[in-house]
Amino acid sequence: MRIIDLLKKDAIKLNSIEASKDKVIDELIALHKKAGNLADANEYKAAILAREDQGSTAIGEGIAVPHAKSASVKRAGLSAMTVPSGINYGAPDGKPTDILFMIAAPPDGDLHLEILSRLMVMLMEPDFCRALRAAKTADEFLSIIDKKESEKYPDDTKNVTPKRDGYRILAVTACPTGIAHTYMAAEALEKAGERLGYPLKAETNGSGGAKNVLTKKEIEECDGIIIAADKNVKMARFDGKPVIKTSVSNGINKPEELINKIIEGNAAIYHADDAQDSSSGDDEKEGIGRQTYKHLMNGVSHMLPFVVGGGVLIALGFLIDTFAGNANVGGDFGSTNPIAAVIFWIGKAAFAFMLPILAGYIAQSIADRPGLLPGIVGGYLATTGATLSSPTGDDSAVSGFLGALLAGFIAGFLVNILKKAFDWLPKSMDGIKPVFIYPLLGTLLIGLFMLAINPFVGYLNIGLSNGLSSLGETSKILLSIVLAAMMAIDMGGPFNKAAYVFGTAAIADGNGWIMAAVMIGGMIPPIAIALSTTFDKKKWNNEELKNGPVNYLMGLCFITEGAIPYAAADPLRVIPSCMVGSAAAGLVTALFSCSCPAPHGGIFVFAVVDNPLGYLIALAAGSAVGALMLSILKRTKRKTA
């Protein structure tokens, strides 16, 4: 397969007059659609915009390579444009962008990534880019690419990374999507190494996995390692070596500067068992609040699959038992019918891992792999209510979600303290510390800590749970309104996540009315926008109108992110409108005493909600209020007939 197999004539537009980044993105997506690469242009656009939110895909020198992996891509492909007048694409060098390639990749498969990496490498050559800008026809454009590819890769081999011996400097490159920047940074670093006379090998951590992997011998013999990555890479192998950590964009734009830091001895020695990463590189120091948030989100992101999978299976058990006529069997509800019982208890098994996984991955984020075991054990002890007087567990001392949070952070900090405490051991003991000493002592210490504090946190946890359960109607209504509105503030950001985590924790404590407000609040924004695009077309442009109906499905499936492109385009009007709609829905759920035992699923779990009719009314009322607010606040964009 070659580049011209992925770039069709129908997907090329030369000498475009588009004047803005948004319009160029729309045009490139339209070219993909025309070439038959996309099953759902709207979903693919959302993926492209999500990637742009992480940082501009312009790489400088007039080039931009927007890219995304999405299930909406039917087949891997490219679209391309030249814009002679140039546009402001947020390039790091501040120059206008006039040549663009957009990469559409399916979520699985990696052969196309190897081919696309060739294009990234070729775009680093000024003569090649000048020839592309001067092309008059799509055929000429393709001919230039084909000729250059044939010259650079005459053997057309799958692994296009040159093989070399005696590397002085090593590098690892990785970007969030692993399509474009990963390979461009690798090529830039390798070329800079050649110019400076320091042979360099770059490992690429792309979507298809790690390629050109650094060997143990190469790591031992090199002068230093450059980590140009915007996501985590395996670091333990670089223990004791000079390491610079920086962004993948710096790998593309500042390769010689990074290499010179290694040559001049300005890279700090990395120690895999240090409490803080000693390789500073170009990263800015993070505040305590930001670090805490990152640790918490690492735990939450690993916990959510257990919450969602287990919670929905439990809800499905309730649903089957309801259909079987067993809705009023008290404590056996969900497991009376044989089929319901199987599904219910599988869900319970998954749900049981929720808090240990949360605590374990918080601890791992703080202390790396040695923190994982102590964190998981601490989280488990929080669920059993183990105490010094009752190590097997005490129901009155179950510290639950609060205890697991505490266990995760304390376990991570304890392991970091152990790392410093045993720093005096000879280097020959380095191999045994992370696999024996830290997990053993860390688990013992966090175990004793949890046995000691479980009774106190358990009382606090029970008090909070009882307090929520005993809230008066006015308090429940107010809390439901606030939580539902939080789901619409940032649609996947910290406020949204905080409300969702609170809702899932409340389910475990039997307060399903909180999850009812949270879920309905997250469903409203996409549906309100879809309603507005359907019934108030003059408020939206043609592209927004075309993509609006998709948000009906997004909202019904509890995918709040469907509203993000609309909120990003007009945040001062869209976000308040969605918040008002979500708050109204939260109010109605409280008035109808709705309760939801499932942490996800949207419309598909409405059948297991207490008072499903009231929940449907809340959904309809909140969506209508949100759409009405959009009609009031949004400015007219187009005339209607």
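Criteria and cut-off values
Residues numbered from 1 in each chain as written. Predicted model: local features only at pLDDT ≥ 70, side-chain atom pairs only at ≥ 80, totals over all residues. Heavy atoms only, no water. Helix = DSSP H or I, 4+ residues; strand = E, 2+ residues; numbered from the N terminus. Expected span 1.5 Å × (residues − 1). Buried < 20%, exposed > 50% of the residue type's maximum accessible area, 1.4 Å probe, protein only. Axes fitted to C-alpha atoms, helices over the stretch in contact; angles between N-to-C directions. Left-handed = near helix turned anticlockwise from the far one by under 90°. Contact = heavy atoms within 4.5 Å. Nonpolar A, V, L, I, M, F, W, Y, C, P; charged D, E, K, R; others polar. Phe/Tyr/Trp six-rings, centres within 6.5 Å; stacked < 30°, edge-to-face > 60°. Lys NZ or Arg CZ within 6 Å of the ring centre and 35° of its normal. Salt bridge = Lys/Arg side-chain N within 4 Å of Asp/Glu carboxyl O. Patch = residues over 30% accessible without salt bridge, like charges linked within 9 Å, V, L, I, M, F, W, Y side chains within 5 Å. Areas by Shrake-Rupley, 256 points an atom, 1.4 Å probe, with all protein chains shown as cover. Lys, Arg positive; Asp, Glu negative; His and termini not counted. Charge placed at Lys NZ, Arg CZ, Asp CG, Glu CD.

Draft legend 1. Seen up close, helix α7 (residues 181-196). When the terminal C-alpha atoms of α7 are compared, their 22 Å separation across 16 residues agrees well with the 22 Å that a helix rising 1.5 Å per residue should span. In terms of burial, α7 is a largely internal element, twelve of the 16 residues being buried. Turning to α7, its buried residues number three or more, namely His181, Thr182, Tyr183, Met184, Ala185, Ala186, Glu187, Ala188, Leu189, Glu190, Ala192 and Gly193. Just downstream of α7 lies glycine 197, where phi reads positive at about 80°.

Draft legend 2. View of the packing of helix α13 (residues 354-367) against helix α14 (residues 372-384). Two elements in contact, α13 and α14, have axes whose closest approach is 7 Å; the angle formed by their N-to-C orientations is 150°. Taken as a pair, α13 and α14 cross one another with a handedness that is right-handed. Residue-level inspection shows Leu355, Pro356, Ala359, Gly360, Tyr361, Ala363 and Gln364 of α13 in contact with α14, the latter providing Leu372, Gly375, Ile376, Gly379, Tyr380 and Thr383. Classifying every residue of the contact of α13 with α14 gives eight nonpolar, five polar and no charged.

Draft legend 3. Main features of the packing of aromatic side chains. The final tally for this structure, using the stated rule, is seven aromatic pairs. Consider the rings of phenylalanine 306 and phenylalanine 353, whose centres lie 6.0 Å apart with planes at 40°: the pair is tilted. Separated by 47 residues along the polypeptide, phenylalanine 306 in helix α11 (residues 288-323) and phenylalanine 353 in the loop between α12 (338-352) and α13 bring together distant segments of the chain. With a centroid separation of 4.7 Å and an interplanar angle of 55°, the aromatic rings of phenylalanine 606 and tyrosine 615 are classed as tilted. Judged by relative accessible area, which is 5%, phenylalanine 606 ranks as buried. Of note, lysine 21 hangs over the ring of tyrosine 89, and the distance from its end group to the ring centre comes to 4.7 Å. It is lysine 634 that lies over the ring of tryptophan 540; its NZ or CZ is 4.4 Å from the centre.

Draft legend 4. Examining the side chain of glutamate 125 more closely. In this fold, glutamate 125 is placed in the loop between α4 (111-122) and α5 (126-134). Look past the residues within four positions of glutamate 125 in its chain and what remains in contact with it is Lys148, Lys152 and Lys191.

Draft legend 5. Quick peek at the pattern of salt bridges. Scanning all chains against the criterion turns up 19 salt bridges. Salt-bridge contacts for lysine 148 lead to glutamate 125; the nearest nitrogen and oxygen are separated by 2.7 Å. Of the two residues, lysine 148 is situated in helix α6 (residues 138-152) and glutamate 125 in the loop between α4 and α5; the sequence distance between them amounts to 23 residues. Judged by its relative accessible area of 17%, glutamate 125 is buried. Ionic contacts of the salt-bridge type, sharing partners, join the residues Glu125, Lys148, Lys152, Glu187 and Lys191 into one network.

Draft legend 6. Seen up close, a nonpolar patch on the surface. Taken together, Leu587, Leu591, Phe592, Leu613, Leu616 and Ile617 make up a surface patch of nonpolar side chains, about 530 Å² in accessible area. Those elements giving two or more residues to the nonpolar patch turn out to be α23 (571-591) and α24 (612-633). Assignment of secondary structure puts leucine 613 in helix α24. What makes leucine 613 exposed here is its relative accessible area of 59%.

Draft legend 7. Here's a closer look at a positive patch on the surface. Taken together, Lys8, Lys33, Lys74 and Arg75 make up a surface patch of like positive charges. Mapped onto the secondary structure, lysine 8 falls in strand β1 (residues 7-13). Judged by its relative accessible area of 38%, lysine 8 falls in the partly exposed class.

Draft legend 8. Expanded view of the environment of alanine 19. As for its placement among the helices and strands, alanine 19 is situated in the loop between β1 and α2 (21-34). By relative accessible area, alanine 19 is classed as exposed at 65%. Separated by 66 residues in sequence, alanine 19 and serine 85 have C-alpha atoms that sit 8.0 Å apart.

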